[in-house]
Amino acid sequence: MRRTKDAHERGVYIEWPDCPLEPGSEVQLAFRLNENRYDLTGGVVRTDPNGVGVAFRDTDLNTLFSLRHDLRAQTRL
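Keep in mind that this is a model prediction, so the values were computed, not measured. (Residues numbered from 1 in each chain as written. Predicted model: local features only at pLDDT ≥ 70, side-chain atom pairs only at ≥ 80, totals over all residues. Heavy atoms only, no water.)

**Q** Whenever I open this one, the overall build of the protein chain confuses me. Can you help?
**A** A count of helices and strands for the protein chain gives one helix and five strands. Listed by position from the N terminus, the elements making up the protein chain come as β-β-β-β-β-α. By the compact-globule yardstick of 11 Å for 77 residues, the protein chain fits well, its C-alpha radius of gyration being 12 Å. By principal-axis analysis of the C-alpha atoms, the protein chain measures approximately 30 × 25 × 15 Å. Put simply, the protein chain has 77 residues, and 31% of those count as buried. In the protein chain, once contacts between residues fewer than 6 apart in sequence are set aside, the share between residues at least 24 apart is 50%. (Helix = DSSP H or I, 4+ residues; strand = E, 2+ residues; numbered from the N terminus. Rg over C-alpha atoms; globule rule 2.2 N^0.38 Å. Buried < 20%, exposed > 50% of the residue type's maximum accessible area, 1.4 Å probe, protein only. Contact = heavy atoms within 4.5 Å.)

Quick look at the structure:
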C-alpha cells in the first residue's frame with residue numbers, strides 16, 4: 001500500500017521512494033475516497049527520488065464527476 005501526497009481529478013502523486021517505473025509506464029490504481037472505491041488506469045508522468053506522479057487515463061465522465069465531488073468533500077473536512 002502506498003500513500004498519496006497530492007490528489008486531484010486528473011491524477012495523483014504517490015509517495016514511492018526509488019520507484020522502478022519509468023515515465024510512460026501504465027499502472028493500475030485502486031483506492032477509496034469517502035465511501036466510493038475507484039479502480040483506475042494511470043500513466044506515469046514523472047518520477048523523483050521520493051515518488052511518482054500518475055495521470056489518470058481513460059476516465060469516463062461519471063467517474064470523473066464522482067472523483068471531483070469526493071475530492072472537494074475531502075478539502076472541506
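**Q** Even after reading the chapter, I still don't get the nonpolar core, so can you show me in this structure?
**A** Here is a general trend for soluble globular proteins: nonpolar side chains tend to be buried in one another's company. Counting 15 residues, the largest nonpolar core has Val12, Ile14, Leu29, Val52, Val54, Phe56 and Leu67 as the members making the most contacts within it. Counting only elements with at least two residues in this core, the list comes to strand 2 (11-15), strand 3 (26-33), strand 4 (36-48), strand 5 (51-57) and helix 1 (61-75). Setting aside chain neighbours within four positions, we find Val54 in contact with Arg10, Gly11, Val12, Ile14, Val27, Leu29, Gly42, Gly43, Val44 and Val45. (Core = buried A, V, L, I, M, F, W, Y, C linked by side-chain atoms within 4.5 Å.)

**Q** So what exactly am I meant to see when it comes to the pairing of strand 2 here?
**A** Moving residue by residue along a regular strand, the side chains alternate between the two faces of the sheet. With four of five residues buried, strand 2 is to be regarded as a mostly interior element. Pairing of strand 1 (residues 3-8) with strand 2 involves five bridges; the strand directions are antiparallel. Each residue of the ladder has a partner; that of Asp6, found in strand 2, is Tyr13. From the end of strand 1 to the start of strand 2, which pair antiparallel, there are two residues. (Pairing = 2+ DSSP bridges.)

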